[in-house]
Amino acid sequence: MYISVVRSSHIPACSCSSSFIIKHSTGKSTNRPAFGTTDLSKWGRRATHMRTTIQAQQRPTWLPGLDPPPHLDGTLAGDFGFDPLGLGEDPTSLKWYVQAELVHARFAMAGVAGILFTDLLRVTGISDLPMWYEAGATKFDFASTRTLFIIQLLLMGFVETKRYMDFTNPGSQAKEGSFFGLEAALEGLEPGYPGGPLLNPLGLAKDIANAHEWKLKEIKNGRLAMVAMLGIFVQANVTHVGPVDNLVKHLSDPWHETIIQTLAGSGS
């Protein structure tokens, strides 16, 4: 991008040097200040200011016109400068928050998909499944609730411990003998992005360092899923039915079965 300074003279906005090569309409280039007697240091400061202004205008933020905090420089996937509490000012904490958001986003995407799918099966009568918030109380013949809880605790604890160890020492959990000989099948691409045929069967984003678009799509969908999960929690607490039931009821009378009438009715 070029900024027109005077007629037939252009200065690259990305230049950081103290002198500028100015191309005139004659095609000749001269290495001198734009206005002969102008101090070069002033032009350097002006160019830096112009560059900063342009970058600030081009970078999208969660609130248009808001300057993002210095620690959010746009290099992270889905970085729109949102950190009103300054939680990520410490670089170490920022790395951990990035991983925490990524894991919560993936759990939310899986949870929303599971709730909608099972609720759809229940509403259509295909399967006699319990409400999603009552599924945890379901009794099984092959094992008691206590046994299932202990097994889940051990399995989740093992996986989360491995994830934390890979976070503190990247690549350590992909070494031979660190995972019962299954390291090749679970080969990590970088912390937070496991790979291999089990966790990346389609071979997407093998070059994870340059997979910015894939990372952005994942975190955007994950954030949307977290908001949707919160909405499903509130719906269940207010209406005591599933999301598909709420949708069917709204579509039956869109003008009178809305969130406004629902909240007003629950408060009365």
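The structure this text deals with has already been given above.
About the thresholds
Each residue is numbered by its place in its chain's sequence as written, counting from 1. Since the coordinates come from a predicted model, pLDDT governs what is reported: local features require at least 70, and pairs of side-chain atoms require 80 or more to be given and counted, while whole-chain, interface and lining totals use all residues. As a rule here, side-chain values come from all non-hydrogen atoms in the structure, and water together with hydrogens is ignored. The helix count covers DSSP runs of H or I at least four residues long, the strand count covers runs of E at least two residues long, and both are numbered beginning at the N terminus. A simple rule labels every residue: compare its accessible area, found with a 1.4 Å probe on the protein chains alone, to the largest value its type can have, and call it buried under 20%, exposed over 50%, or partly exposed in between. Exposure was quantified through the Shrake-Rupley algorithm and a 1.4 Å probe, taking into account, for residues, occlusion by the shown protein chains and nothing else. Excluding any residue in a salt bridge, patches collect residues exceeding 30% relative accessible area, merging like charges within 9 Å and nonpolar Val, Leu, Ile, Met, Phe, Trp and Tyr side chains within 5 Å. Any Lys or Arg side-chain nitrogen found within 4 Å of a carboxyl oxygen on Asp or Glu counts as a salt bridge. What we call a nonpolar core is a set of buried Ala, Val, Leu, Ile, Met, Phe, Trp, Tyr and Cys residues that are connected through their side-chain atoms within 4.5 Å. In this description, contact between two residues means that some pair of their heavy atoms is separated by no more than 4.5 Å. Pairs were defined over the aromatic rings of Phe, Tyr and Trp, the Trp ring being its six-membered one, requiring ring centres within 6.5 Å. Orientation was assigned from the angle between planes: stacked under 30 degrees, edge-to-face over 60, tilted for the rest. It is the directions from the helix axis to the C-beta atoms whose arc is reported. Within 3.5 Å is the distance limit for a polar contact, defined as a pair of N or O atoms, with the added protein rule that one can donate a hydrogen and the other accept it, and that residues adjacent in sequence qualify only through two side-chain atoms. Note on method: axes are straight lines fitted to C-alpha atoms, helices fitted across the in-contact stretch only, with angles between N-to-C directions ranging 0 to 180 degrees. Here the term charged refers only to Asp, Glu, Lys and Arg, the term nonpolar to Ala, Val, Leu, Ile, Met, Phe, Trp, Tyr, Cys and Pro, and the term polar to all other amino acids, Gly among them. The scheme is simple: roughly parallel for angles under 35 degrees, roughly antiparallel for over 145, roughly perpendicular for 65 to 115, oblique for anything else. A crossing counts as left-handed when the near helix is turned anticlockwise from the far one by less than a right angle, and as right-handed when that turn is clockwise.

### Overview of the overall build of the protein chain
Working step 1: Along the protein chain, the regular secondary structure elements total seven helices and six strands.
Working step 2: Order of helices (α) and strands (β) in the protein chain, N terminus to C terminus: β-β-β-β-α-α-α-β-β-α-α-α-α.
Working step 3: A burial count over the protein chain gives 22% of its 268 residues as buried.
Working step 4: In the form shown here, the protein chain has an accessible surface area of approximately 18,800 Å², with 64% of it arising from carbon and sulfur atoms.

### Focus on a nonpolar patch on the surface
Working step 1: There is a patch of nonpolar side chains on the surface, built from L85, L87, W96, Y97 and Y164 and spanning about 550 Å² of accessible area.
Working step 2: Positionally, Y164 belongs in helix α3 (residues 145-168).

### Here we look at the nonpolar core
Working step 1: Of all hydrophobic cores here, the largest spans seven residues; its members are L102, A105, Y193, A205, I208, A211 and I219.
Working step 2: If we ignore the near neighbours within four places in the chain, the residues touching I219 are A77, G78, E101, L102 and A105.
Working step 3: With six residues, the next largest nonpolar core counts A108, V112, I115 and A225 among its residues.

### Structural notes on the pattern of salt bridges
Working step 1: Applying the stated criterion across every chain, the model contains eight salt bridges.
Working step 2: Across the pair E160 and R163 runs a salt bridge whose closest N-O atoms are separated by 2.8 Å. Of this pair, E160 and R163 both sit in helix α3, three residues apart, which is roughly one turn of that helix.
Working step 3: Classification of E160 by relative accessible area gives partly exposed; the value is 28%.
Working step 4: The shortest N-O distance in the salt bridge between E213 and K217 comes to 3.4 Å. Within this pair, E213 and its partner K217 are both found in helix α5 (residues 212-239), separated by four residues, close to a single helical turn.
Working step 5: On the accessibility criterion, E213 (54% relative accessible area) is exposed.
Working step 6: K217 sits in the partly exposed class, given a relative accessible area of 42%.

### Some details on the packing of aromatic side chains
Working step 1: Enumeration according to the criterion identifies six aromatic pairs in this entry.
Working step 2: Here W62 and F82 contribute two aromatic rings whose centre-to-centre distance is 4.9 Å and whose plane-to-plane angle is 90°, an arrangement assigned as edge-to-face. Pair noted here: W62 is in the loop between α1 (40-58) and α2 (91-124) and F82 is in the loop between α1 and α2, with a separation of 20 residues, a long-range link.
Working step 3: Through successive ring pairs, a cluster of aromatic residues spans W96, Y164 and F167.

### Describing helix α6 (residues 243-252)
Each turn of an α-helix holds 3.6 residues, which means side chains three or four residues apart point in the same direction.
Working step 1: Taken as a whole, α6 has its buried residues at P243, V244 and N246. One face of α6 carries all of its buried residues, which in axial projection span an arc of 160°.

### Observations regarding unusual backbone geometry
Working step 1: Backbone geometry places H240, a non-glycine residue, at a positive phi of 60°.
Working step 2: Among the secondary structure elements, H240 is positioned in the loop between α5 and α6.

### A short note on the side chain of H71
Working step 1: Relative to the assigned elements, H71 resides in the loop between α1 and α2.
Working step 2: Side-chain polar atoms of H71 contact the side chain of D83, separated by 2.7 Å.

### Some points on the packing of α2 against α6
Working step 1: One can describe the packing of α2 onto α6 by two numbers: an axis separation of 8 Å at closest approach and a directional angle of 65°. Of the residues in α6, those in contact with I115, L116, D119, L120, R122 and V123 of α2 are P243, V244 and D245.
Working step 2: Of the residues in the contact of α2 with α6, the class split is six nonpolar, no polar and three charged.

### Structural notes on the packing of α2 against α5
Working step 1: The N-to-C vectors of α2 and α5 enclose an angle of 60°; their axes lie 7 Å apart at closest approach. What the angle tells us is that α2 and α5 run oblique. For the pair α2 and α5, the sense of crossing is left-handed. For the pair formed by α2 and α5, the contact residues are E101, L102, H104, A105, R106, A108, M109, G111, V112 and I115 on the first element and E218, I219, N221, G222, R223, A225, M226, A228, M229 and I232 on the second.
Working step 2: Partitioning the contact of α2 with α5 into residue classes produces twelve nonpolar, four polar and four charged.

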